[in-house]
Amino acid sequence: GVTTADLGGAHVTELAGGILPGGSGEIPLLDLQAGPANAKAVARAIRTSGVCSAHDLSEGGLLVAAAEMGFAGRLGIELDLSAVPGDSAHPMVTAFAETPSRYLLEVAPEHMDAVVAALGDAPHAVVGRVHEDGVLRVPALGMEESLDALRQRWLAPLSWAHECAFCSGVPSISGPGQTLAPSGRRQVVIIKFAQPQLDPASKSRLPSRIRSEKAQP
């Protein structure tokens, strides 16, 4: 797909507190012709069995998608932002734009010809290389970061159950719907789902087909 400079509503715009230099405040719009065409092209490419992995370029754009693919594969990636199809000459805009209907495909060199043929007229380019050193490199941004370190920061918001500091020292209790169970110095919150109970008045308003079935948790 083609990357535009429209950054309205982009995650990077929120984090930066405004539009990046070289970007516009317009909302990137879905092209109802290019969108389905790009999706069909990617589906054809995947059917060649030459695509090792794929990621849509949504929240965070190209750079975030590449990092997430690196997290999963535990491999390094080098991106060439100048090769990305689009109308922006600003690397930061190219890296973080969230233009719809774009995809990042990982393709082994021996399958490149078949994948390129399958993509047909859909705008595409080789925008990076995979390495085994676990480093994310973006020369245009002067960026060289350990993907393992980035992965730990990316996962940090999900580790609250294991590092629930605000629960420290709370005695073990149980009540309707939850239990606080001690785990060393930390506490882990365990959510229990109770079987739904219907009062007779509510049950009578259900369709007969549903009333005839037992309620399931």
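Placed above this text is the structure.
Criteria and thresholds
- Residues numbered from 1 in each chain as written.
- Predicted model: local features only at pLDDT ≥ 70, side-chain atom pairs only at ≥ 80, totals over all residues.
- Heavy atoms only, no water.
- Core = buried A, V, L, I, M, F, W, Y, C linked by side-chain atoms within 4.5 Å.
- Buried < 20%, exposed > 50% of the residue type's maximum accessible area, 1.4 Å probe, protein only.
- Helix = DSSP H or I, 4+ residues; strand = E, 2+ residues; numbered from the N terminus.
- Salt bridge = Lys/Arg side-chain N within 4 Å of Asp/Glu carboxyl O.
- Polar contact = N/O pair within 3.5 Å; in protein donor to acceptor, adjacent residues only side chain to side chain.
- Contact = heavy atoms within 4.5 Å.
- 1 Å grid on protein atoms, 1.4 Å probe; cavity = no way out; pocket = protein on both sides within 12 Å on 5 of 7 lines; lining within 4 Å.
- Points joined across faces, edges and corners; volume = space filled by probe spheres on them.
- Nonpolar A, V, L, I, M, F, W, Y, C, P; charged D, E, K, R; others polar.

### Observations concerning the nonpolar core
Then, number 1: Among the nonpolar cores identified, the biggest contains 27 residues, and Leu62, Leu63, Leu79, Leu104 and Leu136 are the most heavily contacted of them.
Then, number 2: Elements represented by at least two residues in this core include exactly helix 3 (61–73), strand 2 (76–79), helix 4 (91–96), strand 5 (135–138) and helix 6 (147–155).
Then, number 3: When residues of this core are assigned to their parent elements, the largest contribution, seven residues, is made by helix 3.
Then, number 4: One finds Ala41, Val51, Ala118 and Ala122 within the second-largest nonpolar core, a separate group that totals eight residues.

### So, the pattern of salt bridges
Then, number 1: Counting across every chain of the model gives two salt bridges.
Then, number 2: Connected through salt bridges with shared partners, the residues Asp133, Arg137 and Glu144 form a single ionic network.

### Some thoughts on the side chain of Thr99
Then, number 1: With respect to the helices, strands and loops of the structure, Thr99 is situated in the loop between helix 4 and strand 3 (103–107).
Then, number 2: One polar contact links the side chain of Thr99 to the main-chain amide nitrogen of Thr4, over a distance of 3.0 Å.
Then, number 3: Contacts of Thr99, omitting those with residues within four sequence positions, involve Val2, Thr3, Thr4, Pro28 and Leu57.

### Focus on the layout of surface pockets
Then, number 1: In this structure, the largest pocket encloses a volume near 880 Å³.
Then, number 2: Every residue lining the largest pocket is counted, 38 residues in all, and those nearest its centre are Leu104, Leu105, Glu106, Ala125 and Val127.
Then, number 3: The set of elements that each furnish at least two residues to the lining of the largest pocket consists of helix 2 (34–47), strand 1 (51–56), helix 3, strand 2, strand 3, helix 5 (112–119) and strand 4 (128–131).
Then, number 4: Considered class by class, the residues forming the lining of the largest pocket number 27 nonpolar, eight polar and three charged.
Then, number 5: The computed volume of the second largest pocket comes to approximately 620 Å³.
Then, number 6: Listed by contribution, the elements that provide at least two residues to the lining of the second largest pocket are helix 1 (11–16), helix 3, helix 4, strand 6 (143–146) and helix 6.
Then, number 7: For the lining of the second largest pocket, the element with the most residues is helix 3, which contributes five residues.

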